[in-house]
Amino acid sequence: MKKQPKLTVVGAGPGDVDLITLKAIKALKNANVVLYDALVNPELLDYINPKAELIFVGKRRGCYRYQQEQINELIVARGFSHGHVVRLKGGDPFIFGRGAEEMEYAAKYGFEVAVVPGISSSLAVPAYQNIPLTKRGSSESFWVITGTTKQHKLSDDVSLAAKSNATVVVLMGMGKLSEIVSLFKKEGKSDLSVAIIQNGTTPEEKIGIGTVATIEGVVHKNKLSNPAIIVLGEVVKHRQQLLEVKQEVVLKSVV
């Protein structure tokens with residue numbers, strides 16, 4: 001009997017293997033084919049149906065194994081030949097993950113399509129470093145912006161966000177860091193706190209804390225690079241405030 005082609009786009013979470021959802025694991029166990037990206041924790045592959053075909057379609061150091069059009073075609077070809085295709089993506093597939101595009105493409109060929117949300121790095125990575133994106137008295141909202149648009153330029157939304165009092169989270173923005181800090185400096189925010197977190201939620205995690213005026217020096221000193229997220233806002237100070245509270249508690253217990 002011919003299998004009904006199906007695509008399930010699954011969010012793998014930000015890196016820590018324990019942050020994947022139970023629903024995502026169920027999808028992996030029921031997959032006939034899994035197409036996975038470079039930012040997916042390799043440990044998650046252990047949850048996949050052992051009879052499933054695994055295909056790496058991610059990119060490393062700017063080199064694409066497959067172009068997006070090829071990935072779309074691969075999904076459809078494997079769906080018709082194998083049945084259930086799972087597209088495993090880092091973070092959440094609907095936040096700069098192109099999951100919606102892949103679902104639309106498969107649906108045109110009569111596929112049943114579904115999505116399993118993942119925990120986005122834009123939320124989880126700051127949280128792991130005790131940085132809340134909103135905090136009463138500091139931030140009433142937050143922006144999540146891509147640092148690099150389809151045209152390989154800095155998003156115009158960064159300039160708009162710099163004018164607000166919101167926390168600003170920039171993904172894929174390390175290559176545009178100089179442009180980003182320049183926009184915030186123009187708004188008189190040179191003293192605004194900034195955190196840059198590389199390989200968030202993983203054992204290789206690194207962090208640099210500074211201000212708009214100093215963060216480029218911090219990046220150079222700590223040798224921070226992609227994959228990393230940039231957090232700009234007063235909420236970054238919460239991390240240090242929490243550390244100071246913990247130190248006070250320790251000192252009091254000693255006395």
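Look up a bit, the structure's there.
The rules behind these values
- Residues numbered from 1 in each chain as written.
- Predicted model: local features only at pLDDT ≥ 70, side-chain atom pairs only at ≥ 80, totals over all residues.
- Heavy atoms only, no water.
- Patch = residues over 30% accessible without salt bridge, like charges linked within 9 Å, V, L, I, M, F, W, Y side chains within 5 Å.
- Areas by Shrake-Rupley, 256 points an atom, 1.4 Å probe, with all protein chains shown as cover.
- Salt bridge = Lys/Arg side-chain N within 4 Å of Asp/Glu carboxyl O.
- Helix = DSSP H or I, 4+ residues; strand = E, 2+ residues; numbered from the N terminus.
- Phe/Tyr/Trp six-rings, centres within 6.5 Å; stacked < 30°, edge-to-face > 60°.
- Buried < 20%, exposed > 50% of the residue type's maximum accessible area, 1.4 Å probe, protein only.
- Core = buried A, V, L, I, M, F, W, Y, C linked by side-chain atoms within 4.5 Å.
- Contact = heavy atoms within 4.5 Å.
- Polar contact = N/O pair within 3.5 Å; in protein donor to acceptor, adjacent residues only side chain to side chain.
- Pairing = 2+ DSSP bridges.
- Axes fitted to C-alpha atoms, helices over the stretch in contact; angles between N-to-C directions.
- Parallel < 35°, antiparallel > 145°, perpendicular 65-115°, else oblique.
- Nonpolar A, V, L, I, M, F, W, Y, C, P; charged D, E, K, R; others polar.

Further remarks concern a nonpolar patch on the surface. A contiguous nonpolar patch, built from Ile95, Phe96 and Met172 and spanning about 260 Å² of accessible area, is present on the exposed surface. On the secondary structure map, isoleucine 95 appears in the loop between strand E6 (84-89) and helix H3 (99-107).

The tally for this structure, following the rule as stated, stands at 3 aromatic pairs. Ring plane angle 40° and centroid distance 5.3 Å describe the contact between tyrosine 105 and tyrosine 109, whose orientation is recorded as tilted.

Take unusual backbone geometry next. Backbone phi values are negative for most residues with the exception of glycine, while trans is the configuration of most peptide bonds. The omega angle of the peptide bond from asparagine 226 to proline 227 is -5°, so this bond is cis rather than trans. You can see proline 227 is positioned in the loop between helix H7 (215-222) and strand E12 (228-232). Of note, phenylalanine 96 is a non-glycine position whose phi angle comes to about 55°, a positive value. Tracing the sequence through the fold places phenylalanine 96 in the loop between E6 and H3. Look at phenylalanine 96 and you get partly exposed, because its relative accessible area is 40%. The backbone phi angle of histidine 152 is positive, close to 65°, even though this residue is not glycine. Its place among the elements puts histidine 152 in the loop between strand E8 (142-146) and helix H5 (157-162).

Another point: the nonpolar core. Residues Ile180, Phe184, Ile196, Ile215, Ile230 and Leu232 are the most contacted members of the largest nonpolar core, which totals 23 residues. The set of elements that each furnish at least two residues to this core consists of H5, strand E9 (167-171), helix H6 (177-186), strand E10 (193-198), H7 and E12. When residues in this core are grouped by element, the largest group, 4 residues, is from H6. If we ignore the near neighbours within four places in the chain, the residues touching isoleucine 196 are Met174, Leu177, Lys206, Ile207, Gly208, Ile215, Val219, Leu224, Ala228, Ile229 and Ile230. Core analysis: the second largest hydrophobic core is formed by 20 residues, Leu28, Leu45, Phe56 and Val86 among them.

What follows covers the pattern of salt bridges. Here the structure, examined in full by the defined rule, presents 8 salt bridges. A salt bridge links glutamate 101 to arginine 98; the nearest nitrogen and oxygen atoms lie 3.1 Å apart. Of the charged contacts, one joins lysine 237 and glutamate 234 as a salt bridge, the two residues approaching to 2.9 Å between their closest N and O atoms. For glutamate 234, a relative accessible area of 34% puts it in the partly exposed group. What you see here is one network of salt bridges that share partners, running through Asp37, Arg87, Lys89 and Glu102.

This part is about the environment of serine 178. Position of serine 178 relative to the elements: it lies in helix H6. The spacing of serine 178 and glycine 137 is 41 residues in sequence and 29 Å in space, taken between C-alpha atoms. At 2.5 Å, the side chain of serine 178 forms a polar contact with the side chain of glutamate 216.

Taking strand neighbours across the sheet as the criterion, the 5 strands line up as E3-E2-E6-E1-E7 in an open arrangement whose pairing is parallel. For this open sheet the edge positions go to strand E3 (53-56) and strand E7 (112-116), each flanked by a neighbour on one side alone. Along the sheet, successive strands turn relative to each other by an average axial angle of 15°, direction set aside. Note that strand E1 (residues 6-11) and E6 share 6 bridges and pair parallel. Pairing of valine 10 across the sheet is with leucine 88, part of E6. Each of E1, strand E2 (33-36), E3 and E6 is contacted by helix H2 (residues 68-82), which is oriented at about 145° to E6, the strand it contacts most.

It is the contact of H6 with H7, at a shortest axis distance of 10 Å, that shows an interaxial angle of 155°. The orientation of H6 with respect to H7, classified from their angle, is roughly antiparallel. In this structure, H6 contributes Leu177, Ser178 and Val181 to the contact, and H7 contributes Ile215, Glu216 and Val219. When its residues are assigned to classes, the contact of H6 with H7 shows 4 nonpolar, 1 polar and 1 charged.

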